[in-house]
Amino acid sequence: MKSVLLSWLPLLVAQAFGTVDVLLKDAYIDEASFISVSNSFISPFSDSFGSSSFADHVPDLSKLILNRQRPDLKPVIPNITIYHPDLVSPGSWFYAPFMRPVTGSSKELPVYIPRQYGPHIYDGHGVRHINRICQQEKRTKIWLTERVELQDLIWSGASLFNGRNVFDFRKTRYKNSDALSLLVAVGESVIPSTETIGVILNSSYDVVKTVMASNGQGYSDMHEFNVIEDGNSALLIATRWQNVSGSLFNKEKTPATNITKLLDFGFQEVDVETGKMKFEWWAFDHIPASDTHWQGLGDIYHMNSVDKTSQGDYLVSVRHTSTIYLVSSKDGSIIWQLGGPHSSFVHTDNFTFSSQHDARVHSQNKTHMVVSLLNNAADDVEATANCSSALLVLLSTATSPMTATILRQWDRPDGQLTDRRGNVQLLHNSNVVVGWAGYGYASEFTFDGTLVQEARSRLERFEEYRQYKFEWTAAERITEPIALASHMYGTTADTWTTVLHVSWNGATEVAAWNFYSSTKAAMAEYPSLIASTRKQGFETGAVVSGYYPFVFVEAVAGDGTSLQNSTIETTKLPPLYVYDQRQIIQSAVIQEAPNYTDLISVDHSMLFPSWLLLLLITVPSGLVICVFLCLRRSLGSGQTRGYGSKIAMEDLDIASLSQGDEYRAVTQQELV
């Protein structure tokens, strides 16, 4: 801390003596420079504490996307590692990072989360760097090329729901148009709430519908919001508590008391427009409690996905029985069970799965069904395989006995286990995206199992429930306004430069930006085109010679169509910047600047050199101090002090004491 303060001392002294312009003339750039300054304060704190829990809460700004015109958005930069660029499927990554519960000592520490969680869409275009990896195999070095991409942000919905957690964020269809669906947590943002509300957004990112569980359930569970049938219906999971008898369990799981509470899971099909329930099914009414492998009494079912087949029945995944159920839409009966203690199928090659997630139907006819699932193969207690995997399974439903055969298996590339959450998505080009949940880890494979690319979050304090990849096109004119920031730099009129930064959160159809100057701030009067540039990513920058007090920008589509204009923004001047008084007087442009009164005007011809001014202050001050000490020494002998004691100067060995020692000696005498 001391070293940090000392590093700023020259700047403070220089500012006091009017030389701050020399230090800041080339130092001030933009907000990013002040971010680097804040890092210089952060690093000593994290090092001095030496605590990993504290360091986890220190903001590592290098892992965030920093936007000059949207400082409220600081999304995490996901890393994409591409192994086969020619095999990558088109599309954008859909993320919804949520905050893990804070535990242990870190509960007392602040968490740096400025609009970082919630729904996000990233585009992986643009290779940033290439790594060369050396692998040693049988004394032979094999060099592999690893292309690493830093994804660019397309849309951040972190501010849309007041910073609450969001789950199951994906693309869907609503009234013959592409839309977005998600679950918004009702509880606090830092706790993954099990109470949620389903939300549908249009392609302009406007909320067009909210969906809740029906029949008195109110809030739905965080696991599923499956909008089906062009947005006419939605599948939701709900929970309720049941008072049950301990005799429902086998002897090993019988509770100490006869009555206990059980968390029941169910699903509903709800009419999106009216909110009325079309179908409802509860696990406790159909699945024996003794089928659970969960080592506890509360959450013995844990339903985590529900899908509707082409024949109108429901495919339901129940994690804590390690079973997938086909439920009849006619009477709610269980048609068959896949996996678990009572599987209706003979499993080819005796394959197994456990604690699964995200069971989906991909095709169905009278004799066969193809389903996918994530075989977590682990929970909080035990594991049934060495690593988690995604499975594509063929079910032969017309044979006797029925058989289940694995068509494809995609193992987790790092060989680890996903003990909770996760999903499997089959893409249009037959590639497969698998969300491994923890730390935003996801993989894309070809259908035959080739690992194409991997994605990971750069901050480990966030979790993902499901991760998807979709081709997404927003509306040409979205509701959120264009964000524009303009700054002026330079020391003289011939070096003035205007730097512009623009972004349009969520826009996908912008091809170029046209920047204009205006003579007034209230309206675009006599606009003049000062720069034009193609869109460079979420944020685009332009540098223009000269100073333009008022500017605005126009978004242009690929065919040259004007999409939308921003509001007129006032160009900001650097703070603490010392301008030459003569330049201000000579420039008519700068006199018209709205923030003219904020400038620090100094006539440099009237300033003394810093060393001379310092000398003129220190020499007289030293003389005054010497005179004061001499007078105090001559008057101090025999003078009455506080507490009625007298101190004779001859009683002290003045020659052997420094000024500080003299003060301490006098103090001791006074206390006698």
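Predicted model, so just to flag it, every value in this text is computed and none were measured.

1. A look at the nonpolar core
One broad trend across soluble globular proteins is that nonpolar side chains are buried collectively.
Here is step 1: The biggest cluster of nonpolar side chains holds 37 residues, and the ones touching the most others in it are Phe169, Trp504, Trp513 and Phe515.
Here is step 2: Top element by residues in this core is strand β36 (residues 550–557). It accounts for four residues.
Here is step 3: In this structure, this core is formed jointly by two domains, domain 1 (173–457) and domain 2 (483–577), each of which donates at least three residues.

2. What about the environment of Val327?
Here is step 1: Locating Val327 in the fold gives a position in strand β18 (residues 323–327).
Here is step 2: Taking the C-alpha atoms as reference points, Val327 and His286, 41 residues apart in sequence, are found 9.9 Å from one another.
Here is step 3: When sequence neighbours within four positions are dropped, the list of residues in contact with Val327 reads Trp281, Asp313, Tyr314, Val316, Gly332, Ser333 and Ile335.

3. Points about the pairing of strand β25 (residues 423–426)
Here is step 1: Judged from the four bridges that link them, β25 and strand β26 (residues 432–435) form a sheet pairing that is antiparallel. If you follow Gln425 over to β26, its bridge partner there is Val433.
Here is step 2: Where β25 hands over to β26, the hairpin turn is made up of five residues, of which Ser430 adopts a positive phi near 75°.

4. Focus on the sheet that holds strand β7 (residues 152–156)
Here is step 1: One open sheet accounts for four strands, arranged β7-β4-β2-β30; its pairing is antiparallel. Both outer strands of the open sheet, β7 and β30 (468–470), are each paired with one neighbouring strand and no more. Taking each pair of neighbouring strands and ignoring which way they run, the sheet shows an average axis angle of 30°.
Here is step 2: Here strand β2 (residues 92–95) runs beside β30; their pairing, made up of three bridges, is antiparallel.

5. Regarding the sheet that holds strand β9 (residues 177–185)
Here is step 1: With respect to topology, four strands assemble into an open sheet ordered β8-β9-β10-β11, the strand pairing being antiparallel. If you trace the sheet from one side to the other, it starts and ends with β8 (166–174) and β11 (207–211), each paired once. Sheet twist, expressed as the mean angle between neighbouring strand axes with direction ignored, is 25°.
Here is step 2: As paired strands, β8 and β9 are joined by seven bridges and run antiparallel to one another. Each bridged residue has a counterpart across the sheet, and for Val166 the counterpart in β9 is Val184.

Parameters at a glance
Along each chain, residues carry numbers from 1 onward, in the same order as the chain's sequence is written. In view of the model being predicted, local features appear only for residues whose pLDDT reaches at least 70, and side-chain atom pairs are presented and counted only at 80 or more, with totals across whole chains, interfaces and linings using the full set of residues. Heavy atoms throughout the structure, all of them, feed into the side-chain values; hydrogens and water do not. Take the buried Ala, Val, Leu, Ile, Met, Phe, Trp, Tyr and Cys residues and link them wherever side-chain atoms come within 4.5 Å; each set so joined is a nonpolar core. Throughout, exposure labels follow a simple rule: accessible area from a 1.4 Å probe, protein chains only, divided by the maximum for the residue type, with under 20% read as buried, over 50% as exposed, and the rest as partly exposed. The helix and strand labels rest on DSSP assignments: H or I over at least four residues marks a helix, E over at least two residues marks a strand, and numbering proceeds from the N terminus. Each domain's limits were defined by an automated method or a database of domain assignments. In this description, contact between two residues means that some pair of their heavy atoms is separated by no more than 4.5 Å. The pairing criterion for strands is at least two bridges between them, as found by DSSP. Axes here refer to lines fitted to C-alpha atoms; in helices the fit is confined to the stretch in contact. Angles between the N-to-C directions go from 0 to 180 degrees.

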